[in-house]
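Spelled out, the chains give:
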Amino acid sequence: MADNGNAKGGSGAYTINLENFSKRLKVFYDHWKEHKSDLWSSSDAIAIATPPPSDDLRYLKSSALDIWLLGYEFPETIIVFMHKQIHVLCSQKKANLIRTLKKAANEAVSADIVLHVKTKNGDGADLMDDIVQSARNQSKSDKPVVGHIAKEVPEGKLLETWTEKLSGSGVRLTDVTNGFSELFAVKDTIEITCVKKAAYLTSSVLKNFVVPKLEKVIDEEKKVSHSSLMDDTEKAILDPLKVKVKLKPDNVDICYPPVFQSGGKFDLKPGASSNDEYLYYDSASVIICAIGSKYSSYCSNVARTYLIDATPTQSKAYETLLKAHEAAVQEVKPGNPMSAVYQAAVAVIERDAPELLPNLTKSAGTGIGLEFRESGLNLNAKNDRKIKHGMVFNVSLGLHNVQAETTSEKTKQFSLLLADTVLVNERGHEILTAPCSKAVKDVAYSFNEDDEDVAEVKTESKTIDAVPTKATLRSDNQEMSKEELRRQHQAELARQKNEETARRLAGGGSGSGEGRGPARASNELVAYKNVNDVPFVRDLVIQVDQKNEAVLLPIYGSMVPFHVSTVKSVTSHQDNRTCTIRVFFNVPGMPFSNDSKLNSQGAIYLKEITFRSKDPRHSSEVVQQIKTLRRQVASRESERAERATLVTQEKLQIGNNRMKMMRLSDVWIRPAFGGRGRKLTGNLEAHFNGFRYSTSRSDERVDIMFGNIKHAFFQPAEKEMITLLHFHLHNHIMVGNKKTKDVQFYVEVMDVVQTLGGSRRSALDPDEIEEEQRERDRKNRINMDFQNFVNKVNDHWSQQQFKGLDLEFDVPLRELGFHASLDAIKEWLDTTDLKYYESRLNLNWRPILKTIIDDPQKFIDDGGWEFLNMEASDSETEDTEESDQGYVPSDAEPESESEDDDSDSESLVESDDDDEESDEDSEEEKGKTWEELEREASNADREHGAESDSEEERRRRKAKTFSKSRAPERSSFKGAPPSKKPKFR
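Residues numbered from 1 in each chain as written. Predicted model: local features only at pLDDT ≥ 70, side-chain atom pairs only at ≥ 80, totals over all residues. Heavy atoms only, no water.

## Some points on the overall build of the protein chain
Cut-off, in case you're wondering: In this description a helix means any DSSP run of H or I spanning at least four residues, a strand means any run of E spanning at least two, and both kinds are numbered starting from the N terminus. Type-normalised accessible area, obtained with a 1.4 Å probe on protein chains alone, sets the label of each residue: buried when under 20%, exposed when over 50%, and partly exposed for intermediate values. The contact rule is simple, with two residues in contact once any of their heavy atoms fall within 4.5 Å.
On a plain count of helices and strands, the protein chain comes out with 25 helices and 33 strands. The buried share of the protein chain, taken over its 985 residues, is 46%. Sequence separation of at least 24 residues holds for 69% of the intrachain contacts in the protein chain that already meet a minimum separation of 6.

Following this line, the structure appears as structure tokens:
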């Protein structure tokens, strides 16, 4: 059955894009007919047999064909392509899905799909005889030629039986491996998009996780093993949000376990692994990092080498390797033989450091895609195959076991490795992992206490002060300026604020009385009062009990219930043939745990449990159910905790008919109500002792008591786009599920109008004049409605019972406004002991706060709120090269991707309306807000000379424009500006 161009199986577990299937099936048959190799083109049939599921990360060519053609790996399936038929031997479940492809196959290549359904316990031998006989019938020879992948050893009973059938059937077998290599070599647009996303994830993990991790380990002189770094990096790849990458975890995987090497023991082969020895970072040490990740089964790779107090030999060797690698990458362009890539690297070595030629790797890399190493696409000196547009290469070059001038066992020999994922395009090539800089200044670190040495090295490498030093711009005996004093005071305020935040996150509270209510400890969480309440389940699989808010896990043959609140997180990912579900639990004793009062000192707690499943559909469903239930419970408990801290308000006394005349219709509210539905305007009514705002939805209602109002403001739209009422309250109230002290009601006074067509309308155009008049009338009418409402409420507040509240609407006076007084504001904030931060970005606070709450310890370790400090980023911006900028794939989403991937591309910078969304619910995307339009108009006026700009204002605007394109990539938090805590200075 087909649905919107997709084929679905009866179980709904798989969906095949019919358009992609038809297109690639035609490419397959065209390649078969036009292939230059007799071994491929002379075959009467091509047989593919995929092995049973395994934990092997690599893809066999048979499995790769399944993914390339169908979008999924179909284990234990035999596909035999013939010129007029396609025979498929598989289980009933797979047959239900493949049956939906019959029409598409016939229309694409005029071939009929013939299904052979194997029984559950049968070996399929009789069905194999039918397939072989069909090959004989369609062949012009008595001994048909059947192409197969000779290097793949048959695994499992089905494949062993199939191999025996082919060998004893009298057909001629020929190896068509190279033909498949050429088929997979050139990627289409969908494949290129997948490779780009994989490369973006890989480079983000290295840049945003690995490098800061290494710097922290070295700076704090910690003992961390290579294998531990490997495990942490693998977790970062499988959870892309940790590195600020919006990709669904279900679509990503590792290409190989991340590789970390140091201490003189290096292996530059593709199959290298991380050992259990500690990371070695003493003087003259070398650290090699190699990371590979997949997106939708497509691979990417990057490798970098980091130098610690490099010796002259190490520095020269690295600079030479860097030049050789860059020369090799330059030769990756259409029409060049693949041997030219390696020969370019050799030429650089022979010219600059011929003594290193014996240490150079024998290849400059391989093709990469569904297979991490695509056979036939080796970049060595002997391969003269032409590079084509659409190919992707892992350009990898290294120097192995170079002798250093040291005597230490761990540094007397060193190796270097550089690798990048490179796409061949019409312009030549594109380095997809370019955000990971390999320049000397970004990979060479120095521990140097001598001031003169520091000044000398600082121009070429990062500097790590072994002993903290104080940097000043004037001598110690001179008086410090006001700016320096203010900076020092702000640094102290930042330290205090970070300590306060750490206490609050740890449960100590801030002392303000405005924190959340206490969370329930785990000994208060009860899913079932006794064992008889646990539901009976027939199958030992993970179950979710929505009613009792419990997760039932099969452990040692029994279903063990856990309250969903004990679950910290749950993740899943699908590798080659199995789905892995990992459940993490909240345990006492961990940082920021809520179970500090737990008295069960002798108890044993479960921290993590992993399950493997062969049913991807059930795995994805149960993970989604757990996450949904956990969000619902957490949201309910959060709201309960918020409401527990609210001050009890008096009850609203509904006014009489005269009171109901004090009403504003069709106004918006800030903060907005949560929920996925379309946002609605509502009515604001003044009653006897308070206001009530309500929409047509029964659950969207807010009461504001007069006694809770501290300040009331009315701002008519004169030069603004909205008319508003703003109330600042004494005590918090709940607006939907948000706790707030500020509530705003507003109406937009102008409609968004976009002129269709390129020409500008004349100012004397009658339609233009009429339109402007309508806008003025609308603005005046709205201002008048608000003014009448305010006057009536002011009269009501003048009554004797409200005299003690001293309430009256204040109207902002524009005469009191000021421009270009930023220093005065800073000085006032500093004198009142308020920590301030400057930012050029409208921050997306929802993901920032989620990141902080998810891992508060990392937030504290990374400097706390200092990621908001823009002063440090300004100096970093000037020194950052373009090659070090973060890469965000700009290609459109491929048509074959499902709607589930839509969330992979959420913006990192928040618009003005985004902070009105709830944590779980998002609104439909809107156009620019009135504030943004007003800002743009103001900027346009300045550009045309309507307002005089000082040199300082122009400089700030220039810096702002430059920063917007760069800031998010340097950020330590999603949606935040760059981190300002220098790790290695």
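## Considerations on the pairing of strand E25 (residues 608-613)
Along any regular strand, the residues point their side chains to alternate faces of the sheet. This is how the line gets drawn: For two strands to be treated as a pair, DSSP must find at least two bridges joining them.
Only one face of E25 is covered, namely the face carrying Ile609, Phe611 and Ser613; the face carrying Glu608, Thr610 and Arg612 is uncovered. Inspection of the sheet shows strand E24 (residues 579-585) paired to E25 by 6 bridges, in the antiparallel sense. Its bridge partner lying in E25, Thr580 is registered against Arg612.

## What about the sheet that holds strand E22 (residues 558-563)?
Rules: Fitted lines through C-alpha atoms give the axes, limited to the stretch in contact for helices. The angle between two N-to-C directions lies from 0 to 180 degrees.
Across the sheet, 3 strands lie side by side as E20-E21-E22; this open sheet has antiparallel pairing. Among the strands making up the open sheet, the edge pair consists of strand E20 (543-545) and E22. Shown here is a sheet whose adjacent strand axes are inclined to one another by a mean of 30 degrees, direction ignored. Sheet topology note: the strand E21 (residues 550-555)/E22 ladder contains 6 bridges and is antiparallel. Paired with Val551 across the strands is Phe562, a residue of E22. In the packing of helix H16 (residues 616-644) onto the sheet, the strands contacted are E20 and E21, and the crossing angle to E20 comes to about 30 degrees.

## Looking at a nonpolar patch on the surface
Our working definition: Each patch is assembled from residues with relative accessible area greater than 30% and no salt bridge, linking like charges that lie within 9 Å and nonpolar side chains (Val, Leu, Ile, Met, Phe, Trp, Tyr) that lie within 5 Å. Calculation of accessible area relied on Shrake-Rupley with a 1.4 Å probe; when residues are assessed, cover is drawn exclusively from the protein chains displayed. Each salt bridge in this description consists of a side-chain nitrogen of Lys or Arg and a carboxyl oxygen of Asp or Glu lying within 4 Å of one another.
Taken together, the side chains of Trp845, Leu849 and Ile853 define a hydrophobic patch exposed on the protein surface, amounting to about 290 Å² of accessible area. On the secondary structure map, Ile853 appears in helix H20 (residues 845-854).

## Some remarks on the environment of Asp666
The residue Asp666 is located in strand E26 (residues 663-670) in this model. Spatially, the C-alpha atoms of Asp666 and Leu680 are 8.5 Å apart, while their sequence positions differ by 14 residues. What Asp666 contacts, discounting residues up to four positions off in sequence, is Thr681, Gly682, Asn683 and Val747.

## Quick notes on the packing of helix H11 (residues 312-330) against helix H12 (residues 339-352)
Helix-helix packing is described using two parameters, namely the angle between the two axes and the distance between the axes. For the record, the criterion: Put simply, angles under 35 degrees are roughly parallel, angles over 145 are roughly antiparallel, angles from 65 to 115 are roughly perpendicular, and the rest are oblique. With the far helix as reference, a near helix turned anticlockwise by less than a right angle produces a left-handed crossing, and one turned clockwise produces a right-handed crossing. Gly is put with the polar residues, along with every residue not named as nonpolar or charged; the nonpolar set is Ala, Val, Leu, Ile, Met, Phe, Trp, Tyr, Cys and Pro, and the charged set is Asp, Glu, Lys and Arg.
Where H11 meets H12, the axes come as close as 7 Å, and the angle between the chain directions of the two elements is 150 degrees. One element, H11, and the other, H12, form an angle in the roughly antiparallel class. Note on packing geometry: the crossing formed by H11 with H12 is right-handed. Counting all contacts with H11, which are made through Lys316, Thr320, Lys323, Ala324, Ala327 and Ala328, the residues of H12 involved are Val341, Ala344, Ala345, Val348, Ile349 and Asp352. Among the residues forming the contact of H11 with H12, the class breakdown is 8 nonpolar, 1 polar and 3 charged.

## Some remarks on the sheet that holds strand E28 (residues 690-694)
Read across the open sheet, the 8 strands follow the order E29-E28-E27-E26-E32-E31-E30-E33; overall the sheet is mixed. In this open sheet, the two edge strands, each paired with only one partner strand, are strand E29 (701-705) and strand E33 (809-810). Along the sheet face, helix H18 (residues 766-797) touches E26, strand E27 (682-686), E28, strand E30 (709-715), strand E31 (722-735), strand E32 (738-748) and E33 and points at about 40 degrees away from the line of E31.

## Notes on the packing of aromatic side chains
We count it as follows: Any two of the Phe, Tyr and Trp rings considered here, Trp counted by its six-membered ring, make a pair once their centres fall within 6.5 Å; the pair's planes then place it as stacked at under 30 degrees, edge-to-face at over 60, or tilted in between.
In total, this model carries 27 aromatic pairs according to the counting rule given. With 6.2 Å between their ring centres and 40 degrees between their planes, Phe180 and Phe184 make a pair best called tilted. Taken together, the positions of Phe180 and Phe184, both in helix H8 (residues 177-185) and 4 residues apart, correspond to about one turn of that helix. When its relative accessible area of 0% is taken as the criterion, Phe180 is described as buried. According to the relative accessible area criterion, Phe184 is buried, its value standing at 3%.

## Observations concerning the packing of helix H1 (residues 18-34) against helix H3 (residues 61-70)
Running from N to C, H1 and H3 cross one another at 130 degrees; their axes reach a closest spacing of 8 Å. Relative to H3, the element H1 lies oblique. Residue-level contacts link Phe21, Arg24, Leu25, Val27 and Phe28 of H1 to Leu65, Ile67, Trp68, Leu69 and Leu70 of H3. Partitioned by chemical class, the residues of the contact of H1 with H3 number 9 nonpolar, no polar and 1 charged.

## Regarding the pairing of strand E13 (residues 298-308)
For E13, the buried fraction is high: 11 of the 11 residues fall into the buried class. The loop that links strand E12 (residues 285-295) with its antiparallel partner E13 comprises 2 residues; one of these, Ser296, has a positive phi angle of about 50 degrees.

## Things to note about H20
The criterion, for reference: As used here, the arc is the angular range of directions from the helix axis to the C-beta atoms.
Three or more residues of H20 are buried, namely Pro847, Ile848 and Ile852. Along the axis of H20, the buried positions cluster into a sector of 140 degrees, meaning they face one direction only.

## Re the nonpolar core
As a reminder, the rule being used: Within this scheme, the nonpolar core is defined by two criteria: the residues are buried Ala, Val, Leu, Ile, Met, Phe, Trp, Tyr or Cys, and they are joined through side-chain atoms within 4.5 Å. Delimitation of the domains relies on an automatic or database domain assignment.
Within the largest apolar cluster, 132 residues are counted, with the highest numbers of intra-cluster contacts made by Phe28, Phe81, Phe180 and Phe393. Broken down by element, the residue count for this core peaks at 15 residues, all from helix H9 (residues 189-219). Per-domain counts for this core show at least three residues from each of domain 1 (18-184) and domain 2 (189-445). Counting 34 residues, the second-largest nonpolar core is a separate cluster that includes Leu664, Leu684, Val702 and Val749.

## Concerning the confidence of the model for the protein chain
The following threshold applies: A residue's pLDDT is the predictor's confidence in that residue, given on a scale from 0 to 100.
When pLDDT is averaged along the protein chain, the result is 78, and 76% of the positions lie at 70 or above. Across the protein chain, strand E11 (residues 259-261) holds the top mean pLDDT of 96, while helix H14 (residues 451-457) sits lowest at 37. Confidence over residues 873-926 falls short of pLDDT 50; this stretch has 115 contacts with residues more than four positions distant or in other chains.

## So, a positive patch on the surface
Test applied: When charges are counted, Lys and Arg contribute as positive and Asp and Glu as negative, whereas His and the chain ends are disregarded. A charged residue contributes its charge at one atom only: NZ of Lys, CZ of Arg, CG of Asp or CD of Glu.
On the surface, Lys235, Lys242, Lys568 and Lys607 cluster together into a patch of positive charge. Looking at the element boundaries, Lys607 is found in the loop between E24 and E25.

## Remarks on H11
The test is simple: An expected span of 1.5 Å times one less than the residue number is assigned to each helix.
Taking 1.5 Å as the rise per residue, H11 with 19 residues should run 27 Å; its terminal C-alpha atoms sit 27 Å apart, in good agreement. Taken residue by residue, H11 has Gln314, Ala317, Tyr318, Thr320, Leu321, Leu322, Ala324, His325, Ala327, Ala328 and Val329 as its buried positions.

## Some thoughts on the pattern of salt bridges
A full pass over the atoms with the stated rule returns 32 salt bridges. For Arg24, the salt bridge goes to Asp188, with nearest N and O atoms at 2.9 Å. Of the two residues, Arg24 is situated in helix H1 and Asp188 in the loop between H8 and H9; the sequence distance between them amounts to 164 residues. With a relative accessible area of 8%, Arg24 lands in the buried category. Asp188 gets classed as partly exposed once you look at its relative accessible area, which sits at 23%. Put simply, Arg304, Asp420 and Lys438 are held in one network by salt bridges that share partners.

## Some words on the side chain of Ser262
Quick note on the threshold: N or O atoms within 3.5 Å of each other form a polar contact, as long as, within protein, one can give a hydrogen and the other can take it, and as long as residues adjacent in sequence are counted only when both atoms are side-chain atoms.
As for its placement among the helices and strands, Ser262 is situated in the loop between E11 and E12. Separated by 2.9 Å, the side chain of Ser262 and the backbone nitrogen of Tyr280 make a polar contact. Setting aside chain neighbours within four positions, we find Ser262 in contact with His226, Tyr278, Leu279, Tyr280, Val286 and Ile287.

## Observations concerning unusual backbone geometry
Note: most peptide bonds trans; most residues except glycine with negative phi. For the bond running from Arg670 to Pro671, omega is -5 degrees, close enough to zero to count as cis. Its place among the elements puts Pro671 in the loop between E26 and E27. Unusually for a residue other than glycine, Ser110 sits at a positive phi of about 55 degrees. Checked against the element boundaries, Ser110 lands in the loop between helix H5 (102-109) and strand E7 (112-117). Residue classification places Ser110 among the partly exposed residues on the basis of a relative accessible area of 48%. Despite not being glycine, Glu221 has its phi angle at roughly 55 degrees, a positive value. Here Glu221 is to be found in the loop between H9 and helix H10 (226-238).

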